[in-house]
Amino acid sequence: MMKRTFSWLSAWALASGLLMVSCSFPDEKDDTDPIETGTIQLQFDNIVGNQDLQLDSTRYVNAAGEDFTVSKLNYYISNIKLTRIDGRVFTVPQDSSYFLIREANSGSQKLTIRNVLTGDYTGIEFMVGIDSLRSVMDPSQPGRKGILDKDTGPTNEEAMYWDWNPGYIFLKLEGASDSATTANGKYYYHIGGFGGRTEKTLNNLKTIKLNFPGQKAIVTTSIVSNVLIQADILKIFNGPTQWSIKKSSGVMFSDSSKIIADNYAGMFNVKEIKIN
Amino acid sequence: MGRVTGIMSFLAALLALAVSCKKSSTDDPEPKPSDNTPTPLQWTKPSYFPDPVYDLSKNPLTVEGVELGKFLFYDGILSRTDNIGCGTCHQQQAAFTHHGHDLSHGVDDKIGTRNAPSVQNMAWNTSFFWDGGVHDLDMVPPVPIQNKVEMDERVSNVIEKLKKTPVAGAAKQVDYPKMFKAAFGSDSITADRMMQALSQFMMTMVSATSRYDYFVRGDASALTAQEKDGLSIFKQKCASCHAGELFTDQKFRNNGLTPNRINDQGRYAITLNADDRLKFKVPSLRNAGLTAPYMHDGRFTTLEQVLDHYANDKPGSKDSIYVSPTLDPLLNAAGQKRGISLTSAEKQSIIAFLRTLNDDDFIKDKRFSDPGVGTAF
């Protein structure tokens, strides 16, 4: 049992470690050159097909023909990496790379990444959810505070953590639908699962890679690029596997959550880049 | 710049000196070595128990920390409705289970899905709850606090409520900022400290003074002949799962209970591994005579019913052992009837022995009792 615990943890640790090493930005060759940094903004905009997402008030229809409203949409974005035009990858420092996007809180949708090495960037990579290493870190450690604090702040208030099976809920989508089979006509999708602490289990961690369309995000000491990333939640229903609210109105820690996670992995796209 | 900093630090040093001088000159009616240092509390394990699982080095016990934990344990302020504390469903006279309740009973008379387990000897638990989902004692309290049908509160809101104490006009005046300061040296109230205080209190809740314990420690007269007989049968027929001095191997097993109406899959809900279907944590049997009803959903009200289930010997009735792929092999030995063969006399002896695990000192120990802030129903 103990042995298995260690082997799993060490496997995760090793994998994450390798990932970090291979992706960290190589040292500038000329160290007499001061390293210049700037700021990039990532603006997340949640939409439904071609409409803007409005909480509660608007009814939408999915590919299964089911109407639905959205009362809550939250998801974590983490482990952000930016690809420069020369192919080098800038990894946002781990501790500054966890965000909880909440549709009900517009401030939470604008991520400001500081200390980005200057250059022209052509793409972005991020994770939806919280990586396994951070998920198994002792909750009293500094790395589990701030937005990751399970006991205070938005993560606690929005109930984005499973206490009974410790781990973050990566994405939470709730609303009402005439097709819901629950007593109150609501549907509840709470998707999480980082792979398991002591033994292998559900892993819904999704890494999203997006290229910037036709345009570069320029980062200089004075120019701030704003990358507008749309998340089309209709794709949660109309993704690679069509999802029906009637078939399942409540999904939490279960195998079927994989379908929803696979679907939302495809919901992001870069709409445009504004240079300020 | 450097000069300014220098002057500033000089001033700060002067100020510190002034403060410390002032402090030493004031009269302290109760002379104590240090005002803000909590008093360390030595925790010792019973010699025949294994080493504790909980890491005391990360949360050393103090008198004030344990006291704070006790208040938090009993105070309904942990619930949304301010009237359900941990002690509501974990009552001392029932060895910290919910006497008379098969399923847990929470806010607004909501009913949970599982039987409230005993809060005792938590120091040795490798996992918590019937499905073992939680691996660290510090992470146990948020589970009932934030469960919709138990205490239905948010920990963040509990912290805010604790900060606002004492509440004017409240029946019981509890000053949590003062108690946190006594326990941790400053009055900052955080979730980490709250969980640590609760863990400190729960660490002290050790049951090891039953008649069986006196027997183990060398008093052969502590058990009757029937009880000793029961002990020896128990060791042959029950101790492969209810192993060691804590009477559990801490594993997850399917003991052949027919799935209940909600088809509770137990450990499977945590691992999603088909091999874990219908498996639940093997509970300790310490104080078993006080913790009825039994099983994860409290379906059996007496120890006799429990043993009848395992013996699978009800005349004329169908097999009491539910057969499924994960049924424990120990209950499914080839070439014999499913279950554990037990004569009626053996059952009586085992039950007589199990009652020697009742720990009267533990359930009456004032150190673990409600300090006057609790509610029970």
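Naming follows an unreviewed UniProt entry, where chain B appears as Cytochrome-c peroxidase of Dyadobacter endophyticus. Turning to chain B, the UniProt record has this under Subcellular location (unreviewed entry): "Periplasm".

As recorded in an unreviewed UniProt entry, chain A goes by the name Copper-binding protein MbnP-like domain-containing protein, listed as coming from Dyadobacter endophyticus.

*Asks:* Before we go on, may I ask you to explain the overall build of chain B in this structure?
*Replies:* Helix and strand counts for chain B come out as 13 helices and two strands. Scored against the burial criterion, the 377 residues of chain B give a buried share of 43%. When contacts within chain B are restricted to residue pairs at least 6 apart in sequence, those whose partners lie at least 24 apart make up 69%.

*Asks:* Any chance you could explain the overall build of chain A here in plain terms?
*Replies:* Scanning chain A from N- to C-terminus turns up five helices and 17 strands. Within chain A, the proportion of its 276 residues that are buried is 38%. Taking contacts inside chain A between residues at least 6 apart in sequence as the whole, the part at least 24 apart equals 74%.

*Asks:* Just to check I follow, could you spell out the domain arrangement of chain B for this structure?
*Replies:* A common way to state how big an interface is: give the accessible area lost once the parts meet. Residue and element names in this part refer to chain B. When its domains are assigned, chain B resolves into domain 1 (56–207 + 362–368) and domain 2 (211–358). Centre-to-centre, using C-alpha coordinates, domain 1 lies 28 Å away from domain 2. Contacts between domain 1 and domain 2 engage 21 residues on the former and 23 residues on the latter. In terms of residue class, the side of domain 1 that touches domain 2 is made up of seven nonpolar, 11 polar and three charged.

*Asks:* Help me out: how do you make sense of the pairing of strand E12 (residues 186–192) of chain A in this one?
*Replies:* On a regular strand, one side chain projects to one face of the sheet and the next to the other, so that they alternate. Residues and elements named next belong to chain A. Of all seven residues making up E12, five are buried, and the element is well covered by its neighbours. Here strand E11 (residues 167–176) pairs with E12 via seven bridges, running antiparallel. Each residue of the ladder has a partner; that of glutamate 174, found in E12, is tyrosine 188. The pairing of E12 with strand E16 (residues 250–251) spans two bridges and is parallel. Residue pairing in the sheet places tyrosine 188 in a bridge with glycine 250 of E16.

*Asks:* What should I look at first to understand the packing of helix H2 (residues 63–74) of chain B against helix H7 (residues 191–204) of chain B in this one?
*Replies:* Any two packed helices are characterised by the angle at which their axes cross and by the distance between the axes. Residue and element names in this part refer to chain B. Where H2 contacts H7, the axes come no closer than 7 Å and their chain directions differ by 95°. Accordingly, the angle class assigned to the pair H2 and H7 is roughly perpendicular. Together, Gly65, Val66, Leu68, Gly69, Lys70, Leu72 and Phe73 of H2 and Met194, Gln196, Ala197, Leu198, Gln200, Phe201 and Thr204 of H7 make up the contact between the two elements. Here the residues of the contact of H2 with H7 sort into eight nonpolar, five polar and one charged.

*Asks:* Would you take a moment to explain the nonpolar core for this structure?
*Replies:* Within soluble globular proteins, side chains that are nonpolar generally end up buried alongside one another. Counting 75 residues, the largest nonpolar core has B:Leu72, B:Leu198, B:Met202, B:Leu307 and B:Leu354 as the members making the most contacts within it. Those elements giving two or more residues to this core turn out to be H2, helix H5 (155–163), helix H6 (176–184), H7, helix H9 (225–237), helix H11 (303–311) and helix H12 (344–355) of chain B. No other element matches H7(B), which puts eight residues into this core. When sequence neighbours within four positions are dropped, the list of residues in contact with B:Leu307 reads B:Leu342, B:Lys347, B:Ile350 and B:Ile351. Formed by 61 residues, the second largest nonpolar core is a distinct cluster that contains A:Ile80, A:Leu111, A:Ile113 and A:Ile130.

*Asks:* Sorry, what's going on with the interface of chain A and chain B here?
*Replies:* With 18 residues of chain A in contact, the opposing surface of chain B contributes 19 residues. When the residues that make up the side of chain A that touches chain B are grouped by side-chain class, the tally is five nonpolar, seven polar and six charged.

*Asks:* Hey, could you run me through H2(B) in this one?
*Replies:* Since the α-helix advances by 3.6 residues per turn, residues separated by three or four positions end up pointing in the same direction. All names here are of chain B. The end-to-end C-alpha distance of H2 is 17 Å, a good match for the 16 Å that 12 residues give at a rise of 1.5 Å each. Counting buried positions along H2 yields 11 of 12 residues, so the element is predominantly enclosed. Three or more residues of H2 are buried, namely Glu64, Gly65, Val66, Glu67, Leu68, Gly69, Lys70, Phe71, Leu72, Phe73 and Tyr74. In this fold, the buried residues of H2 make contact with helix H3 (86–89), H6 and H7.

*Asks:* Hey, could you run me through the environment of B:Ala191 in this one?
*Replies:* You can see B:Ala191 is positioned in helix H7. Residues B:Ala191 and B:Ala220 lie 29 residues apart in sequence; the distance between their C-alpha atoms is 47 Å.

*Asks:* Sorry, what's going on with helix H5 (residues 257–264) of chain A here?
*Replies:* All names here are of chain A. Along H5, the residues that are buried comprise Ser257, Ile260, Ala261, Asn263 and Tyr264. Projected down its long axis, H5 shows its buried positions confined to an angular sector of 160°, all on one face. Tucked into the core, H5 has its buried residues touching strand E9 (119–128), E11, E12, strand E13 (206–211), helix H4 (234–237) and E16.

*Asks:* How should I be thinking about the confidence of the model for chain B in this particular structure?
*Replies:* Low pLDDT marks stretches whose predicted atomic positions should not be read closely. All names here are of chain B. Looking at chain B as a whole, its pLDDT mean stands at 90, while 90% of the residues score no less than 70. Contacts for the low-pLDDT stretch residues 1–8, under 50 throughout, to residues beyond four places or in other chains number zero contacts. With pLDDT under 50 throughout, residues 10–28 is counted as low confidence; its partners more than four residues away or in other chains account for zero contacts. If you check the scores for this complex, the pTM reads 0.86 and the ipTM reads 0.82.

Rules behind the numbers
- Residues numbered from 1 in each chain as written.
- Chains lettered and ligands numbered in written order.
- Predicted model: local features only at pLDDT ≥ 70, side-chain atom pairs only at ≥ 80, totals over all residues.
- UniProt positions renumbered as here; feature names shortened; annotations may be inferred.
- Helix = DSSP H or I, 4+ residues; strand = E, 2+ residues; numbered from the N terminus.
- Buried ≥ 20, exposed ≤ 12 C-beta atoms within 10 Å, placed from the backbone.
- Contact = placed C-beta atoms within 7 Å.
- Domains from an automatic or database assignment.
- Nonpolar A, V, L, I, M, F, W, Y, C, P; charged D, E, K, R; others polar.
- Pairing = 2+ DSSP bridges.
- Axes fitted to C-alpha atoms, helices over the stretch in contact; angles between N-to-C directions.
- Parallel < 35°, antiparallel > 145°, perpendicular 65-115°, else oblique.
- Core = buried A, V, L, I, M, F, W, Y, C linked by C-beta atoms within 7 Å.
- Expected span 1.5 Å × (residues − 1).
- Arc of directions from axis to C-beta.
- pLDDT = per-residue confidence, 0-100.

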